[in-house]
Amino acid sequence: LDEGGETIMVEVQSWSMCVDHGQKIINIKKKGQAKTDITINQFPYGGMFLRMPWRKGMLAQVTNSVGDQDLAAEGKQATWLDLGMQVEGREDFAHIAIFDHPTNNNSPTAWRVDGQFGVGPSRAIDGDWSIEIGTTESISYQLRVFTGELND
């Protein structure tokens, strides 16, 4: 809604989940139909953001598909990004890998990585982008939740 309460976009999200070889796989598809011309301004954050229960001193690592790690992955384009962390009660890492879908506009996307291991795809890092009135923008991601070693 805009500041006057008028609809500027109608968004529909579809989420599905399955288990494959011990990995939890979550597919997310978002569709936004513009009811007016919309510009998303350049900004370091995007629509989806993952915050794991990281605390200072916990072992954690961010790795992307091109080999950048931790804060070196900030703002970099990659087809996927993995956040692994040793959470309480586990000897190995718990991981959540987020995959950018190749049909997304501007794929591979740039990624937000903050100093507390918060991560997310952020198309707006690269600059302004627009959705014209009457058009629909579709954005898809896949999350894979697993434990153990990262297998890129």
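Check the entry above for the structure.
The paragraphs below set out a description of the structure included in this document. (Residues numbered from 1 in each chain as written. Predicted model: local features only at pLDDT ≥ 70, side-chain atom pairs only at ≥ 80, totals over all residues. Heavy atoms only, no water.)

Here we look at the nonpolar core
In this structure, Val62, Leu83, Met85, Ile98 and Val119 are the most contacted members of the largest nonpolar core, which totals 29 residues. Elements supplying a minimum of two residues to this core: strand S2 (23-34), strand S5 (60-64), strand S6 (80-85), strand S7 (94-100), strand S8 (111-113), strand S10 (129-131) and strand S11 (136-147). Once residues lying within four places of it in the same chain are set aside, the contact partners of Ile98 are Met48, Leu50, Thr79, Trp80, Leu81, Trp111, Val119, Tyr141, Gln142 and Leu143. (Core = buried A, V, L, I, M, F, W, Y, C linked by side-chain atoms within 4.5 Å. Buried < 20%, exposed > 50% of the residue type's maximum accessible area, 1.4 Å probe, protein only. Helix = DSSP H or I, 4+ residues; strand = E, 2+ residues; numbered from the N terminus. Contact = heavy atoms within 4.5 Å.)

Here's the deal with the sheet that holds strand S4 (residues 50-51)
Read across the open sheet, the 3 strands follow the order S4-S9-S8; overall the sheet is antiparallel. Looking at the sheet topology across the chains shown, the edges are occupied by S4 and S8. (Pairing = 2+ DSSP bridges.)

Notes on the side chain of Ser140
Relative to the helices and strands, Ser140 resides in strand S11. If we ignore the near neighbours within four places in the chain, the residues touching Ser140 are Ile28, Lys29, Phe99, Asp100, His101 and Asn104.

Some remarks on the pattern of salt bridges
One pass over the full model with this rule turns up 4 salt bridges. Here Asp92 ties to Arg90 by a salt bridge, and the two come within 2.8 Å at their closest N and O atoms. The exposure class assigned to Asp92 is partly exposed, which follows from its relative accessible area of 28%. Ionic pairing is found between Arg123 and Glu137, a salt bridge with its closest N-O pair at 2.7 Å. Remark: Glu137 occurs in strand S11 and Arg123 occurs in the loop between strand S9 (118-121) and S10; sequence separation between them is 14 residues. (Salt bridge = Lys/Arg side-chain N within 4 Å of Asp/Glu carboxyl O.)

Re the sheet that holds S6
The sheet built from 6 strands is open, its strands ordered S1-S2-S11-S7-S6-S5 with antiparallel pairing. In this open sheet, the two edge strands, each paired with only one partner strand, are strand S1 (9-20) and S5. Neighbouring strand axes in the sheet, compared pairwise and without regard to direction, differ in orientation by 15 degrees on average. Across 7 bridges, the pairing between S7 and S11 is antiparallel. Counterpart to Asp100 in the pairing with S11 is Tyr141. (Axes fitted to C-alpha atoms, helices over the stretch in contact; angles between N-to-C directions.)

So, a nonpolar patch on the surface
On the surface, Phe43, Tyr45 and Phe49 cluster together to form a nonpolar patch covering roughly 300 Å² of accessible area. For Tyr45, the position within the fold is in the loop between strand S3 (38-40) and S4. With a relative accessible area of 39%, Tyr45 lands in the partly exposed category. (Patch = residues over 30% accessible without salt bridge, like charges linked within 9 Å, V, L, I, M, F, W, Y side chains within 5 Å. Areas by Shrake-Rupley, 256 points an atom, 1.4 Å probe, with all protein chains shown as cover.)

What about unusual backbone geometry?
Leaving glycine out, the prevailing phi sign among residues is negative, and the prevailing peptide bond configuration is trans. Here the amide bond leading from Ser107 into Pro108 is cis, since omega sits at 0 degrees, within 30 degrees of zero. Along the polypeptide, Pro108 turns up in the loop between S7 and S8.

Thoughts on the pairing of S11
Two strands pair when backbone bridges link them, and S2 and S11 are joined in this way by 10 bridges, in the antiparallel orientation. Paired with Gly32 across the strands is Glu137, a residue of S11.

Things to note about the layout of surface pockets
One simple way to see leftover space: roll a probe sized like a water molecule over the atoms. Considered as a void within the structure, the largest pocket measures approximately 440 Å³ in volume. Lining the largest pocket are 25 residues, and of these Lys30, Ile40, Gly47, Trp129 and Ile139 sit closest to its centre. Listing elements by their share of the lining of the largest pocket, those giving two or more residues are S1, S2, S10 and S11. For the lining of the largest pocket, the per-class residue count stands at 10 nonpolar, 9 polar and 6 charged. (1 Å grid on protein atoms, 1.4 Å probe; cavity = no way out; pocket = protein on both sides within 12 Å on 5 of 7 lines; lining within 4 Å. Points joined across faces, edges and corners; volume = space filled by probe spheres on them. Nonpolar A, V, L, I, M, F, W, Y, C, P; charged D, E, K, R; others polar.)

Things to note about the side chain of Asp68
Mapped onto the fold, Asp68 is located in the loop between S5 and S6. Buried charged residue Asp68 carries no salt bridge. Nearest counter-charge: Lys76, at 4.0 Å. Residues within four places of Asp68 in sequence aside, it is in contact with Val62, Thr63, Ala73 and Lys76. (Lys, Arg positive; Asp, Glu negative; His and termini not counted.)

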